[in-house]
Structure formats: C-alpha cells, structure tokens
Amino acid sequence: MKSITKQAYQLMHEGILALAEIERNGICIDIEYCEKAKKELHKKIEAERTKLYEFEEVKQWKRRFGVTFNLESSHQLAKVLYEDMGCKPSKMTENENPSVDQFALESIDHPMIRSLLRIRQLEKTKSTYLGNIVRETVNRKLHPFFNLHTVKTFRSSSQDPNFQNIPVRDPEIKEIVRRAFIPRPGHRIGGSDYKGIEVRVACLYHQDPSMLKYLNDPASDMHRDVSMDCYMIEDTELVTKNIRYCGKNKFTFPEFYGDYYKNCAKALWDAISQMGLKLTDGTPLKEHLRDKGIKSYQRFERHIEDVEYRFWNEKFPVYKQWKEDWYRAYEKKGYFDTLTGFRCSGVMEKNDVVNYPVQGVAFHCLLWSLIQLQRWMKQEKLRSKIIGQVHDEITKDLHNDEFMYVLRNERKIMCEDIKEHWIWLKIVPLDIAVSFAGVDRPWNEAEEEK
DNA sequence: GGAACTCGCCAC
DNA sequence: AAACGTGGCGAGTTCC
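Predicted model, so just to flag it, every value in this text is computed and none were measured. (Residues numbered from 1 in each chain as written. Chains lettered and ligands numbered in written order. Predicted model: local features only at pLDDT ≥ 70, side-chain atom pairs only at ≥ 80, totals over all residues. Heavy atoms only, no water.)

K.L.:
An account of the protein's contact with DNA strand C is needed here, citing residue identities and associated values.
P.N.:
Around DNA strand C sit 30 residues, and of these Asn70, Ser73, Ser158, Asp160 and Tyr356 come closest. Considering DNA strand C, the proportion of its atoms within 4 Å of the protein that are sugar or phosphate atoms stands at 68%. Side-chain polar atom of Ser157 to a phosphate oxygen of DNA strand C: 3.2 Å apart, as the coordinates give it. Tyr356 has a polar side-chain atom sitting 2.5 Å from a phosphate oxygen of DNA strand C. Of all the secondary-structure elements, those providing two or more residues to the surface near DNA strand C are α6 (111–136), β5 (157–159), α11 (241–257) and α16 (350–379). Broken down by class, the residue content of the surface near DNA strand C amounts to 5 nonpolar, 17 polar and 8 charged. (Near = heavy atom within 4 Å. Polar contact = N/O pair within 3.5 Å; in protein donor to acceptor, adjacent residues only side chain to side chain. Helix = DSSP H or I, 4+ residues; strand = E, 2+ residues; numbered from the N terminus. Nonpolar A, V, L, I, M, F, W, Y, C, P; charged D, E, K, R; others polar.)

Spelled out as structure tokens, the structure:
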C-alpha cells in the first residue's frame, strides 16, 4: 500500500503530463544504420558460432541433446559444464541451481566459454537493443514510454523500448547501440545528470557531518579516500582513476545499499587482476598490498572487515545511527514518509526501508526539474526538445542556436530554483554534468562539456 | 497457443 | 543474525 500527500499528487500529475509531451517529441533514429548494424552483427554471430561448433565439448553437447540442442539454453549449458565436463559451479542461482551467468563462467578459463559469452553479448545487442529500436520506430522517430506508477520506490520506469538501460559502460557495445540515436537536423544530442544525487539526498535524511563536509569541500573526495583505505594507499598522488572507481563501485555504493565486507572484499580483490590495477608510479596493486603485509585473500578480507568497521563507526557514525532510528520508527509505525510527501507502507526488509526514501526522492529532484524545463521550453516555443529521462539525467535534442540558452536555464532550474521549491535541499550543494555530441553527430559521440 | 516461470543482462 | 536497492526484456522452458 502506498499513499501520498497533495504536493506529492501534484508532482505526479504534472510529471506524467510532462513525460507525455516528451514521449510525443520522440527521438530521431538512423534506421538505415540500424539495419546495416543488425546485418553486421548477424555475420559476426555466425562467424563466432562456426568457431564454437569446432570445440569437442560442443560436439558432445550436440550428441547429448540431439534435435533440442540449443546454444542459448542455460539449462543445457549447466548440464554440459557441471555434469559432463566436471566443472565446479562457483555460485548458485536464486533457486539454488548451478549458475551459468557471466560471473560463474569467468572462473572457468576455457576458450569455448569466452566464445559463448561473446555470442550472448552480440545477440543481446542485436535483438534487445537494435531489434527493439527498429520495431518501435515510426516515421524515423522512436517514442519510448515513461511510467510513474510502476515502481515501489516512486521512481519511474520506461518501456517499448526501455530508454533507461541503453548500453554505455562497454565501449564497443555503446558505440554500436548509441550510434542509432541521432539529433534533428542542425541539433545536438546529449544530456545533463545530477552528480551523486543519491549520496546528497541520503545526507538530507541523516545529516552526517563528515559526509556533509565531503560534499561541501570541493578539494575533498570521499570516493578517493575510501579507495585509499581499501587498497592501503597513503599518498593521494598514487591513486588512479580506476582505483577510485573500484572504491566507489565495489565498496562505498554496495555498503550504502546494505551489502557487507565479504562481498565487497571479493569484488575489490577480483578487480585488481581483472582491471590490472596499478598505482600511478606503475607498481602493480597486488605487489603493493604484499608490501603492506597482505599476502593472501584471507588477509585482504580481514582488512576490508576493518575498513567496513571504520567506515560506519568512525567515518559516518551519524549515517549508521540514522539507519537504525529510521528502521525502528518504521517497525513502530508500519510506514515511513519521504521528504517529497510519499508514504511507503507494507512489509519491507531493513535494506528496503533505508533505501527507498533515498532512491525515490533523488528521482523526484530530477522529475521536478524536468517539469520546469519542459514547461519553459514549450513557453519559449523552442525547436529544442527533451527526448527522455534516466532517473538522474535529462536527455535532450538541442538546436545549435539555442544550445547555451537552454543549458544556462537548465542549470538554474536543476541547481538553484529547486532549492526554493524544496527548502530542505539547501543543506547540500547540487551540481550537474553535461554531455553532448556535436551538431548533426550521433549520440555515441557525446562528450562531457567543460 | 498463451501464461507463468527461470535465468541472464542492460541501466541507474 | 544476515548480508545489494530499483526496473525492462529476450530466450528457454514448463504447464495448462
């Protein structure tokens, strides 16, 4: 059960109207490119299949399953790997079956597995992404749907196609898929996202002084400091971008969401060899850790246990206390209210109770900004259009003549005006990152604007 | 022939 | 004591 205040209702009402207009705007698609890219992927997949069929293990797989033989069947693959080939499953699925996902397969160092993973990746690119884009494109425009009524946390969702999971992390796949999205003639395509909005919103609830200090002091850097603790680095100069990335995505965020040291230690440790982590002076990280007395994984795990202890009890004790108090209050009342006036009730786990109010409100900051920007752009009768939204980002198709005009007002709305609307935002600074491709250039070329 | 389920994988 | 939050969607599979 959920319920909302009048101001929350207002936000959803205005929000869904703005999103409807954004759906109607649509996104230009380079349909000829899509067809060509699909054909190329098809060829690549066929070539990879041919390679795969050469393996003795696959021939045996074929013999075992006969006409039902299917490379895409996880069930068959599990039987082949864990019954015929005698591999040990490194993890189980939710329903306690031996897993054959990427993580599980990585521990089996075998060329057949690499080939299989490659096929999976290319198939997904071809069908889930390019295929759906082509299917849903009408008159060279794509109109993804955005919902406000489907998500437990009061975030949004998107469908047909899902605009909120377009590949960006893997450079090769990003290029292939984002190349399909192009601007209107004379326009530039790109977007602006709130920097670290969930961390900032969490601060609004717990008001931990150490974390507020991190946010308010531009010279400090929480993710860098945590990564230094994790990998026992004493000099800030020795921290690379990748090391900071690991601290942020394999320790800090998982800990915020409710994970614990064992999982984090494993992820941090595996990343060292997977990403080939080195200090800025070239010292391999494993070597550096050995010098610091970390001679085995067990030692590293114990070290991360200490890091976790210090993280919650020395660095951010107020945050930790808030989690306890917030959960207690929920246990007592059976519900909690978000800063934006939404009420969440029903049976929830502790992690849910402390995460939902943050995730929801972070999105509501984006939604409020989206409403104001859409309203203003319509009023000004601009050729520029908002074309989508991804939780903390507004995606736009801006006419080159209106480019600076729109970006200036957008920054004002997202970072300043919103603090007048929701005064509780005043205790944290807000900032955005802006990233666009050039005039008439596709989305894959988007780069951060300085 | 479709609904419901499992699994895997993309995003924030 | 236990241990990562939110979605959408494709393919395979099972059930009716």
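The rest of the description comes next.
K.L.:
Break down the pairing of strand β11 (residues 393–399) for me, citing the residues and quoting the values.
P.N.:
Across the 7 residues that make up β11, a large majority, 7, are buried. The two faces of β11 match: Glu393, Thr395, Asp397 and His399 on one face and Ile394, Lys396 and Leu398 on the other face are all buried. Both strand β7 (residues 187–194) and β11 contribute to a ladder of 7 bridges, which runs antiparallel. Counted as the bridge partner of Ile189 is Asp397 from β11. Relative to β11, strand β10 (residues 385–389) runs antiparallel, the two sharing 4 bridges. (Buried < 20%, exposed > 50% of the residue type's maximum accessible area, 1.4 Å probe, protein only. Pairing = 2+ DSSP bridges.)

K.L.:
Give me the lowdown on the state of the cysteines, citing residues and values where you can.
P.N.:
If you walk through the whole model with that rule in mind, you get 0 disulfides. The thiol sulfur of Cys34 is not disulfide-bonded, and the nearest other cysteine sulfur, from Cys28, lies at 12 Å. Residue classification places Cys34 among the buried positions, given a relative accessible area of 0%. Cys365 provides the cysteine sulfur closest to Cys203, a residue in no disulfide bond, and the two sulfurs are 13 Å apart. For Cys203, a relative accessible area of 0% corresponds to the buried category. (Disulfide = S-S within 2.5 Å.)

K.L.:
Could you give me a rundown of the pattern of salt bridges, with the residues and numbers involved?
P.N.:
According to the stated counting rule, one finds 35 salt bridges in the structure shown. The closest approach of N and O atoms between Glu123 and Arg49, which form a salt bridge, is 3.3 Å. Of the two residues, Glu123 sits in helix α6 while Arg49 sits in helix α2 (residues 31–53), which places them 74 residues apart along the sequence. Of the charged contacts, one joins Glu449 and Arg188 as a salt bridge, the two residues approaching to 2.9 Å between their closest N and O atoms. Pair noted here: Glu449 is in the segment after β13 (447–448) and Arg188 is in strand β7, with a separation of 261 residues, a long-range link. A cluster of three or more residues bridged by salt bridges with shared partners is formed by Glu46, Arg49, Glu72 and Glu123. (Salt bridge = Lys/Arg side-chain N within 4 Å of Asp/Glu carboxyl O.)

K.L.:
Break down the packing of aromatic side chains for me, citing the residues and quoting the values.
P.N.:
All chains considered together, the criterion is met by 31 aromatic pairs. Aromatic pair Phe146 and Phe163: ring centres 6.0 Å apart, planes at 80°, arrangement edge-to-face. One end of the pair, Phe146, is in strand β4 (residues 145–147); the other, Phe163, is in the loop between β5 and α7 (171–178), with 17 residues separating them in the sequence. On the accessibility criterion, Phe163 (3% relative accessible area) is buried. With 6.3 Å between their ring centres and 55° between their planes, Tyr214 and Phe316 make a pair best called tilted. Remark: Phe316 occurs in the loop between α14 (297–315) and α15 (317–333) and Tyr214 occurs in helix α9 (residues 209–216); sequence separation between them is 102 residues. As far as burial versus exposure is concerned, Tyr214 and Phe316 are alike and both buried. Here the guanidinium or amino end of Arg178 rests over the ring plane of Trp443, the centre of that ring lying 4.1 Å away. Geometry around Phe403 places Arg188 over its ring, the cationic atom sitting 4.0 Å from the centre. (Phe/Tyr/Trp six-rings, centres within 6.5 Å; stacked < 30°, edge-to-face > 60°. Lys NZ or Arg CZ within 6 Å of the ring centre and 35° of its normal.)

K.L.:
Help me get a handle on a positive patch on the surface, residues and values and all.
P.N.:
Together, Arg290, Lys295, Arg299 and Arg302 line one region of the surface with positive charge. Summarising the element assignment, Arg299 is placed in helix α14. Arg299 sits in the partly exposed class, given a relative accessible area of 38%. (Patch = residues over 30% accessible without salt bridge, like charges linked within 9 Å, V, L, I, M, F, W, Y side chains within 5 Å. Areas by Shrake-Rupley, 256 points an atom, 1.4 Å probe, with all protein chains shown as cover. Lys, Arg positive; Asp, Glu negative; His and termini not counted. Charge placed at Lys NZ, Arg CZ, Asp CG, Glu CD.)

K.L.:
Before we move on, can you summarise the protein's contact with DNA strand B with the specific residues and values?
P.N.:
The full set close to DNA strand B counts 21 residues, and Asn95, Asn97, Val100, Asn165 and Val168 are the nearest of them. Sugar plus phosphate: this is where 92% of the atoms of DNA strand B within 4 Å of the protein reside. Taking Asn165, its side chain carries an N or O atom lying 2.7 Å from a base oxygen of DNA strand B. Considering each element in turn, the surface near DNA strand B owes the most residues, 3 residues, to α6. Classifying every residue of the surface near DNA strand B gives 6 nonpolar, 9 polar and 6 charged.

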